[in-house]
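# Notes for the structure review
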Amino acid sequence: MFIYLSKKIAIPNDIKLHSLSWNPEQGWIACGGENGLLKVLKLDSTGGSSGDGSTKPRGVAASSSLSMNQTLEGHQGGVMCVTWNANYRKLTTSDQNGLIIVWMLHKGMWSEEMINNRNKSVVRDMKWTADGQKICIIYEDGAVIVGSVEGTRLWGNDLDAALRFVEWSPDSRNILFVTRSNEIHMYDHHGNKIKALPLYAAGQKDKKKGFDDDDDDDDDSEEEEDNTIIGIHWYDGTEGHMDLDAPTLAVAFKNGRVQIGRGEEDPNATIIDTRMTLSQCKWNAKGNVLALAGSQKAKTKEGEEKEILMVKFYTPLGEHVRSLKMPLVSNKISALSWEGSGLRIALAVDTFIFFANIRPDYMWGCFGNTLVYAHNKPDRVEMCVTFWNMKSEERYTKHIKGVKFIRAAGETALLVMGQGKEANLPPPVGDEENVDVGPKPHQHILMLCNAIGSPVDTKYIDIKPVFVEMTETHVIVSDYRSVYVWQYRTNAMKMNGDGSDNRKNNAAVALLRRNTGRERMFDIEDVSSSPAQPVDEFKMKKGSCKDGICAITASKKNLIIARESGTIHRYSLPHIGLENKFSVKCWPSHIRLNCDSTALSIIDNHNILNILDLDSQNDGSNGGKATFGKLMKFERKDAWDLQWASDNPNLFAVMEKTRMYVFRNLQPEEPVQSSGYFSKFSDLEIQAIMLDEIMATPDSPDKDMVLDYETKSLRDAGDLIKNEGLAVATAYIEEHSHPRLWKLLGEAALEALDFAVAEKAFVNIGDYPGIQYVKRLEGLGERMKQKAEVAAYFQRFDEAEASLREIDRKDLANELRIRLGDWFRVVTLVQTGGGDDKMLLEAWNNIGEYYADRFKWSKAATYFSQAKNLTKTIDCYYRMDDFEGMEKSAGMISDGNPALMNVGKMFENVGLQKQAVECYQRAGDVKAAIDACVMLNHWEEAVKLAEAHGFSQIEGLLAKYAGHLLSKGDKLQAVELYRKADKATEAARLLAGIAEDVGKRQVDPLRAKKLHVLAALEVERYRKKALDLSSMTTTKGKSVAATTAATLDTLMTADAESRAGGAGGKGSKVMDNAWRGAEAYHYYLLAHRQLYKGDVDAAMKTAIRCAEFEDVLDRKEIYSLIALTAYHSSHLNICSRAFIKLETLPDLDKKTEEAIQDLALKIFINQPPRNPSHLPHCYISCLETGTPYSACTITGRAVLDARTVTCKVCGHMMLEHELSRESRRSCPLCHAQIEMVQYSIVEEGEEGDDE
């Protein structure tokens, strides 16, 4: 941080000032003084862009003038207090008579809005809340008034104490009152007392409450004066916090002590002893710098003591940053106020207002084209770290807690973060062996990031980072005593950094990570030649160092460490050996090495710049000791930034206040007004970043915030070339030789087609491709061709094309555009006669590639189609999901073209089996077509293709896939697989097996019936197919015997297939009698339905039909149902027969058997087993022996002599009159539509026949 006085405004008539306030939002400055003086001033910058296109100085470097200087009239006494309400643009002032005036802006002028005069006491302080909604006014006699922004009095109170200051809490919920007895009391926003705040910085016990009779703020006794509170300021947090744990409440005492706490009660509050007599205390707008103004005793050259006015600046942690001495001798600084940006501060001293510019120490770094910077946001606890590409203007923002430092070099940026407890970071990047190791609570974190903010590597260190430096290969971190050196990159890795040999690069990284010397530490007190040790072996020494480290810097080959005494250590890198010690008579605060490490710039704590020649040596020939290093005869004041040129060890730029000087061999060039921060100095150009503007709008940086300054030699050379000619410019450049100047001359010579001068320039800079280019230009001969080539060299391609067309060389213009890849222009040139059809097709194809690279598939498809590139066209249609276009384009590809394989794969990927198979077949790869059918679950097509082309492997694949489904329990999917593959027998067996399993569980008989029906339908489908094959057997050219033999062979083969799988397995019976299982469950369910409907006679007859299916249904269930229905229909003979069947079941347990016997005894003890009517013999035979009979599938009754209808699918009968009565159109068993009707009459004697 650097601060300097920049402007002074004198108040007319020598009126002394008492108060001062700077509006943080709009920039108005209000100052009050004696005799009712009240002024509102405004300083406007005159920087920016001028009308002629040049850029004027911006920021604090720009000159400022008073755009407003209004005197407000209304006060009669001295104006003691002024305060702004920035949100509502109001100014509140009070004078020593107690008069309060609220001012408002009207038509560009300030005028009175409200007036209040209590006429009892003097207003000592006034403060608005952070949101501007409320104001608290305190009077010396203890009166307190809280009002709203509209002027309404919210509440008032009389405190039993004389008051001096008031302060709102950041959330506006509490108020702090400072009494004249130096106590601080906290009240809530309704006026209720909460507690008294502890004052740890007070030098002695506070005296009793009371106040003086005089009007000044000084206490009468010396003891009381030491502990007088002169100011209190609580940062409101509206601009965010640099750290969540940072102190925000500052209480300043006249004796020079300051207490900074984390809220109203902080036992670990920071205590500062400024060794001044303080008078003012103010935070800046961001809460990261505290300004303390006062006076300090100092001795003159004559030895006399005098009071010097001074402002000291501190961090929230109490670290002293900078001091500013005031030029006037006065009693005190009567008022202090910060500008809203924190870049300026205003001080009221006697009859003057002094303005000081501040150059903050931002957290930032620059590497390559990337600028990385950190800033706070009020709505986030983390710090926002932005990686901004200054060329492409792409931004990447990361939110990281506790960022302390940012450095950048080479290809990476370094983020230094707070202790492990403050950061929530992932494990170290790259340390795969220790991914479970995280930061310990006391450790700090070093993280390397690339240009988009992604972590590259992470390290944890035990020392507190105070000084941080980074080079292209090393990271150096130190506290005041210990130094940590991390070699994160080697020269070998740098050589391979272009990605040409990633294997070697990775090997170098792995080797470096295994090398224990990668991280080393040493103590500054160790003066041995090799002080560095591995981190694991280094032991940090306890206790402070009397001569601590105050600055560090490094280059490719040297590390420089400066100490408070002025001793400077020079170490070699990467081996870290102590080479030399130097001594200077100052406290270095900012040091930098030049590009060849021969000179060191030193800016001390008084901002005086010196240059130390590191290579000069005094051998002691004059009798003294041999010494190294010599301070050059060079000194500059008010220096705050310095940048050495990366390509010239004798060239550097310095910022002095708002002037930028460039020095060559210690001789200055004409200064330039600037407020930028140096980021780069090479090729006689200085890049400066307007960080003040970037930090003002961190979310929207602009290229205009990056400025490039040319050195005087570069500007002069350009002027000479432009105005005096190449000969004069050549002489000047020979005298001030630099590669950039020779390059400038060479380019100008090319423009003038002066090839001799151009060749000389390229020779001087060793640009051998440039020399060859010049010779090629000379060989062209024709001047217009040379002019066109030069225009193309400088990327003025339209001019080059115009030159070539002027000499009617469209072919060369076309070649130029082809080299540039400007295929749109190539199309235009070809269509105007500059090429052939082949070139036109190539152009359209490349335009298609252009749109494809940008994912504009529709346009790409159009141009690929024009270029007749069917493969690319299909690819575009594929990405657009235009499958019709794909199919159409695929049809245009000739058979046998290998591209059809890729097209087929595309169709297969989206599930279009038909198109995929067609493409594979046209490509001649039948196996791929079969595989596509299999992958898309089209097994029937796969089998047909396999059979047609003799691929026997399909059967094995089918079986394997079915087995896989069965192992997972997906039986129904396996059935579907067999059905699609036209394997009806396997599907039928599997369905029958599933039906048997369902039936055994006796939970869902309807589901069992459905499964049996599906199995039977598969069997019928198989049989129909077999019969169709037999009927297709041709008789042409064969005898009757041969035809019969072929038919029998087909049927026997089908029968063998139907019996494959072995007997006894689940579902094996389905092939013998397909409808048996479905029939059993049909009658079983029909009997239950009839029973529940109350038709017990029909239910009994249907239940008797189930006696045939003991192999399908559970026998206990069958005869229990018969017994139940027979009992309810009073057919006790049938009931008795059913009980006999139940009692003789072999697997009946004794308890159940006894229960059946007891129930039979109760039924038949009083009732003889007789039927109420005669039953046909077929029912008795079925019940006793399981003899089947023809039954109606609608009613379950036996079919005796009535007309029937037979289902063509399952072959079962239905009574015609029942079918008509119920208006059925489908079979109740198989649910097939009844299309063809077969009538038959069954005689009574046939009731025992099988259907």
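Residues numbered from 1 in each chain as written. Predicted model: local features only at pLDDT ≥ 70, side-chain atom pairs only at ≥ 80, totals over all residues. Heavy atoms only, no water.

Another aspect to go through is the pattern of salt bridges. Tallied over the entire structure, the rule returns 52 salt bridges. Two residues, D245 and R262, come together in a salt bridge whose shortest N-O distance is 3.4 Å. On the criterion of sequence distance, the pair formed by D245 in the loop between β20 (229-234) and β21 (249-253) and R262 in the loop between β22 (257-261) and β23 (270-273) is long-range, its members being 17 residues apart. According to the relative accessible area criterion, D245 is partly exposed, its value standing at 48%. Using a relative accessible area of 29% as the deciding quantity, one classes R262 as partly exposed. Overlapping salt bridges bring together D798, E801, R805, R817, D822 and R825 as one network. (Salt bridge = Lys/Arg side-chain N within 4 Å of Asp/Glu carboxyl O. Helix = DSSP H or I, 4+ residues; strand = E, 2+ residues; numbered from the N terminus. Buried < 20%, exposed > 50% of the residue type's maximum accessible area, 1.4 Å probe, protein only.)

On to the confidence of the model for the chain. Taken over all residues, the pLDDT of the chain has a mean of 85, while the share at 70 or more is 86%. Note on residues 49-54: pLDDT under 50 across the span, and two contacts to partners over four residues away in sequence or across chains. A low-confidence stretch, residues 426-436 (pLDDT under 50), is modelled with 15 contacts involving residues beyond four sequence positions or located in other chains. (pLDDT = per-residue confidence, 0-100. Contact = heavy atoms within 4.5 Å.)

So, about the packing of aromatic side chains. With the rule as written, the count across this model stands at 28 aromatic pairs. Measuring from centroid to centroid gives 4.8 Å for F522 and Y571, while their planes differ by 45°, and the two rings are tilted. On the criterion of sequence distance, the pair formed by F522 in strand β42 (residues 519-523) and Y571 in strand β46 (residues 567-572) is long-range, its members being 49 residues apart. Judged by centre distance (5.1 Å) and plane angle (85°), the rings of Y793 and F794 are edge-to-face. The exposure class assigned to Y793 is partly exposed, which follows from its relative accessible area of 35%. With a relative accessible area of 22%, F794 lands in the partly exposed category. These aromatic residues form a ring-pair network of at least three members: F634, W644, F652, Y661 and F663. (Phe/Tyr/Trp six-rings, centres within 6.5 Å; stacked < 30°, edge-to-face > 60°.)

We now examine unusual backbone geometry. Of note, the amide linkage connecting L573 to P574 takes the cis form, showing an omega dihedral of 10°. At R89, a residue that is not glycine, the phi angle is positive and equals roughly 55°. For R89, the position within the fold is in the loop between β8 (79-85) and β9 (90-95). Within the chain, I576 stands out as a residue other than glycine whose phi angle is a positive 55°. Relative to the assigned elements, I576 resides in the loop between β46 and β47 (578-583). Relative accessible area serves as the criterion here: at 1%, I576 is assigned to the buried category.

Our next topic: the environment of V910. Within the fold, V910 resides in the loop between α18 (899-909) and α19 (913-923). For the pair V910 and F883, spaced 27 residues apart in sequence, the C-alpha to C-alpha distance is 9.2 Å. Setting aside anything within four residues of it in sequence, one finds V910 in contact with Y878 and F883.

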